Amino acid sequence: VVSSCEELSFPWVRYPEISHKLDRRARETGVRVLGTGVNPGFVMDLLPLIMLTGVQGVKTIRVERVVDVGTRRIQLQRKAGVGLSPQGFQRGATDGAIGHVGLRESVFMVADTLGWRLEDVVETLEPVIATDRKKTEYYSVEKGYALGLKQTARGVMNGQEVIRLDLEMSLGAKDARDLIEIDAKPPIRLIIPGGIQGDVATASIMANCVPAIARSRQTGLLSMRDLPLLPY
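Here the residue index of a chain counts from 1 through its sequence in written order. Where totals are concerned, whole chains, interfaces and linings use all residues; where local detail is concerned, this predicted model gives features only for residues with pLDDT of at least 70, and gives and counts side-chain atom pairs only at 80 or more. As a convention, hydrogens and water are excluded, and side-chain values are obtained from all of the structure's heavy atoms.

Student: Even after reading the chapter, I still don't get the environment of Ile50, so can you show me in this structure?
Tutor: Looking at the secondary structure, you find Ile50 in helix α2 (residues 46-51). Residue exposure (1.4 Å probe, protein chains only): buried if accessible area is under 20% of the type maximum, exposed if over 50%, otherwise partly exposed. Among the residues examined, Ile50 registers a relative accessible area of 35% and is labelled partly exposed. Along the primary structure Ile50 and Ala26 are separated by 24 residues, whereas in three dimensions their C-alpha atoms are 27 Å apart. Numbered from the N terminus, helices here are DSSP runs of H or I no shorter than four residues, and strands are runs of E no shorter than two.

Student: For this particular structure, what's the right way to read the sheet that holds strand β11 (residues 220-222)?
Tutor: Strands belonging to one sheet form pairs held by backbone hydrogen bonds; the direction of such a pair is parallel or antiparallel. Note: two strands are recorded as paired if DSSP finds a minimum of 2 bridges between them. Strands sit in the order β1-β2-β11 across an open sheet of three strands; the sheet is parallel. Here the strands that pair on one side only, and so sit at the sheet edges, are β1 (2-3) and β11. For strand β2 (residues 32-35) and β11, the ladder comprises three bridges, and the chain directions are parallel. Pairing of Arg32 across the sheet is with Gly220, part of β11. Lying over the sheet, helix α1 (residues 16-29) contacts β2 and β11, oriented at roughly 125 degrees with respect to β11. Residue contacts follow a heavy-atom distance rule, with two residues in contact if any of their heavy atoms lie within 4.5 Å. Inter-axis angles, ranging from 0 to 180 degrees, are taken between N-to-C directions of lines fitted to C-alpha atoms, where helices are fitted over the stretch in contact.

Student: Looking at this structure, I do not really get the packing of aromatic side chains. What am I missing?
Tutor: Aromatic rings in a pair are described by how distant their centres are and how their planes are angled relative to each other. Ring pairs shown here join Phe, Tyr and Trp side chains whose ring centres sit within 6.5 Å, with only the six-membered ring taken for Trp; geometry is labelled stacked below 30 degrees between planes, edge-to-face above 60, and tilted in between. Per the stated rule, a full pass over the model turns up one aromatic pair. Look at Phe10 and Trp12: their rings are 5.0 Å apart centre to centre, the planes differ by 65 degrees, and that puts the pair in the edge-to-face class.

Student: Could you clarify how one ought to interpret the pattern of salt bridges in this entry?
Tutor: Between side chains of opposite charge, a pair can form as their charged atoms come close. Definition used for salt bridges: Asp or Glu carboxyl oxygen within 4 Å of a side-chain nitrogen of Lys or Arg. Scanning the entire structure with this criterion turns up 19 salt bridges. In this structure, Glu28 engages Arg25 in a salt bridge whose closest nitrogen and oxygen atoms are separated by 3.7 Å. With Glu28 and Arg25 both in helix α1 and three residues apart, this pair spans about one turn of that helix. Arg25 shares its class with Glu28; the two are exposed. Note that Glu64 and Arg62 form a salt bridge whose closest N and O atoms lie 3.4 Å from each other.

Student: Looking at this model, I keep getting lost on helix α4 (residues 86-95). Mind explaining?
Tutor: Residues lying three or four places apart along an α-helix face the same way, a consequence of the helix completing one turn every 3.6 residues. By the burial criterion, the buried members of α4 are Gly88, Phe89 and Gly92. What you see down the axis of α4 is that its buried residues fit within an arc of 100 degrees, all on one side. Exposed and oriented more than 90 degrees from the buried face of α4 are Gln87, Arg91 and Thr94. Among the structural elements, β4 (120-129) and β7 (146-157) are those in contact with the buried residues of α4. Of the residues one or two after α4, Gly96 is the one with positive phi, at around 85 degrees. Think of it as the arc spanned by the lines of direction from the helix axis to the C-beta atoms.

Student: Would you mind showing me how to read the sheet that holds strand β8 (residues 160-170) here?
Tutor: The strand order across the open sheet formed by six strands is β4-β7-β8-β3-β9-β10, and the pairing between neighbours is mixed. Either end of the sheet is taken by a strand with one partner, and the two such strands are β4 and β10 (188-193). Looking at each pair of strands side by side, their axes are set apart by 10 degrees on average, direction ignored. In the sheet, β4 pairs with β7 via 10 bridges, with the strands oriented antiparallel. What sits directly across from Glu123, in β7, is Ala153. Running at roughly 150 degrees to β8, helix α5 (residues 103-114) makes contact with β3 (56-68), β4, β7 and β8 of the sheet.

Student: It is not clear to me how the environment of Ser204 should be interpreted in this structure. Could you clarify?
Tutor: Here Ser204 shows up in helix α6 (residues 198-215). By relative accessible area, Ser204 is classed as partly exposed at 32%.

Student: In this structure, what is going on with the nonpolar core? I would like to understand it.
Tutor: One broad trend across soluble globular proteins is that nonpolar side chains are buried collectively. We call a set of buried residues a nonpolar core when its members are Ala, Val, Leu, Ile, Met, Phe, Trp, Tyr or Cys and they connect through side-chain atoms within 4.5 Å of each other. In this structure, Leu34, Trp116, Ile163, Leu165 and Met224 are the most contacted members of the largest nonpolar core, which totals 36 residues. The element contributing the most residues to this core is α5, with six residues. In contact with Leu34, other than residues within four places in its own chain, are Val1, Val2, Ser3, Leu8, Cys209, Ile213, Leu222, Ser223, Met224 and Leu227. Counting 17 residues, the second largest nonpolar core, distinct from the first, contains Val128, Ala146, Leu149 and Leu171.

The structure is reproduced here in structure tokens:
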């Protein structure tokens, strides 16, 4: 089973009972279950972990993903809160209708792989407010309304921020990119100009995982860190 369910990308910390039940059932029947996608599943967790192969003495990891949702499907624009008033955005955030799902799972995957025991994971979510009127294929956003969102998840260990994931998804976002910064020896700063296009990448990752998961000798509930490299 290869699923794009965000919570399934690394569910053991937030949903231990369901995770153990899925893992046990999959092992009993010789099945492999994998949650994946572009984010979570690749840009903000697997890709930093791959980069960590070339370093030692890791102190902090920061990943930033900036997405211009004007180039993406309407469902993502709705999820980012495009066109909402600040009050409507906050209601949507409180109800869970607005916001990216999976930042916390990405933090836990990175931390668990490194053996870091986090004291806390702090998340924030706020709107990106339009300073002038913007019109797109789907929306007309007036000044003072939401162009999208900024969301952050911070992993804290020994009172210090050791993992930081910053995500912006907004109309006309400037300098769209994926950025990975690792404070280690040697330090690493990787930038993907424009960022990895999420719709095409999600479909590609899921398709490319099919032969990889079929070749895997492991059974049970897996994550992207459990698979070998996934060539096209």
